[in-house]
Amino acid sequence: MSLIHPTAIVEDGARLGADVSVGAFSIVGSEVTLEDGVSLDAHVIVRGKTTIGARTRIAAFAVIGGEAQDLSYKGEATTVVIGPDCVIREHVTIHRGTARGRGTTSIGSRCFLMIGSHIAHDCVVGNDVILTNQAVLGGHAQVGDFVILGGLAAVQQRARIGAHAFVGGLTGVTQDVVPYVMVTGRWGALSGLNVIGLRRRGFSRDEIRAIREAYKLFFAPNSGTRAERLDRLVAKFGTEPALAPFIEFVRETGNKPLAHPRSAGDAGQRKGNSAGPGEERDDDGG
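Residues numbered from 1 in each chain as written. Predicted model: local features only at pLDDT ≥ 70, side-chain atom pairs only at ≥ 80, totals over all residues. Heavy atoms only, no water.

**Q** What should I look at first to understand the sheet that holds strand 10 (residues 57-58) in this one?
**A** Backbone hydrogen bonds are what pair the strands of a sheet, in a parallel or an antiparallel way. Spatially, the 11 strands line up as an open sheet ordered 1-4-7-10-13-16-19-22-25-27-28, and their pairing is mixed. The sheet is open, and its two borders are formed by strand 1 (3-4) and strand 28 (189-193), each paired with just one other strand. (Pairing = 2+ DSSP bridges. Helix = DSSP H or I, 4+ residues; strand = E, 2+ residues; numbered from the N terminus.)

**Q** Just to check I follow, could you spell out the environment of Tyr180 for this structure?
**A** Residue position: Tyr180 is located in the loop between strand 26 (172-173) and strand 27 (181-184). With relative accessibility at 2%, the residue Tyr180 sits in the buried group. Linking Tyr180 and Tyr215, residues 35 residues apart in sequence, is a C-alpha distance of 9.3 Å. Those residues in contact with Tyr180, other than ones at most four positions away along the chain, are Ala163, His164, Ala165, Leu193, Asn194, Leu198, Phe203, Ile211, Ala242, Pro245 and Phe246. A polar contact of 2.6 Å, which involves the side chain of Tyr180, links it to the backbone oxygen of Ala242. (Buried < 20%, exposed > 50% of the residue type's maximum accessible area, 1.4 Å probe, protein only. Contact = heavy atoms within 4.5 Å. Polar contact = N/O pair within 3.5 Å; in protein donor to acceptor, adjacent residues only side chain to side chain.)

**Q** What is the right way to look at the environment of Ile211 in this model?
**A** For Ile211, the location among the structural elements is in helix 2 (residues 205-219). Its relative accessible area of 0% is what places Ile211 among the buried residues. Measuring from C-alpha to C-alpha, the distance between Ile211 and Glu90 comes to 37 Å, with 121 residues separating the pair along the chain.

Geometric values such as these leave the question of function open.
Okay, structure coming up:
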């Protein structure tokens, strides 16, 4: 049984599953689908062709399914699709897709979007992603599974971030980021592997060592063109399952710029680091 506050507005045509709750002064548009167990706090607005997955909770003053902030958008019937078991906190904004883009802004399952974070039109966000307070994704950005964006991080439009990457707070991402890495600094540069995250996700010691070796091999200074480095990566790690996402990501990037490790002379680089290009040593060995 759904619980709708008497001051809420649920427009005719909206589809509500079982055990949905809609708080005071919230607005649910006529083309919205709220699946079983969705909870809207007070003052939430959900509009457009938006589908919100089961058991997702949305806090006060979030606006989901707003018009794309793109000059090409002319009111086309584009969509937002959000997976189950997400937590969307206060003042989050998620915009619908555009006709010249994918037409859909999609967010996976179990994502945690903290206060004031923003997902722009046509973005693709994977499963188990965390956007910390006021982190923002520009239009058409793609974010892989288990990515974490620190507070006030900003991802440029059309940039891609590979699975299991960690983006530090206040970091601007203007280039594609391969899986498994950490990105830090005002203008995001690689600062090693996200070893702690990989351990938490159940990667074995051998898998992490293989990823480390691949990272060193691919990002070694003065080691040839990207195509040559990719060929060496495939030759050595092409049968390693843990490296398949890394290799595929580089292939899909094509000629787009990739974020690289910070050079030894850059500010913030740790001295005495022998764990590989831009990588901090951890207690797993070097």
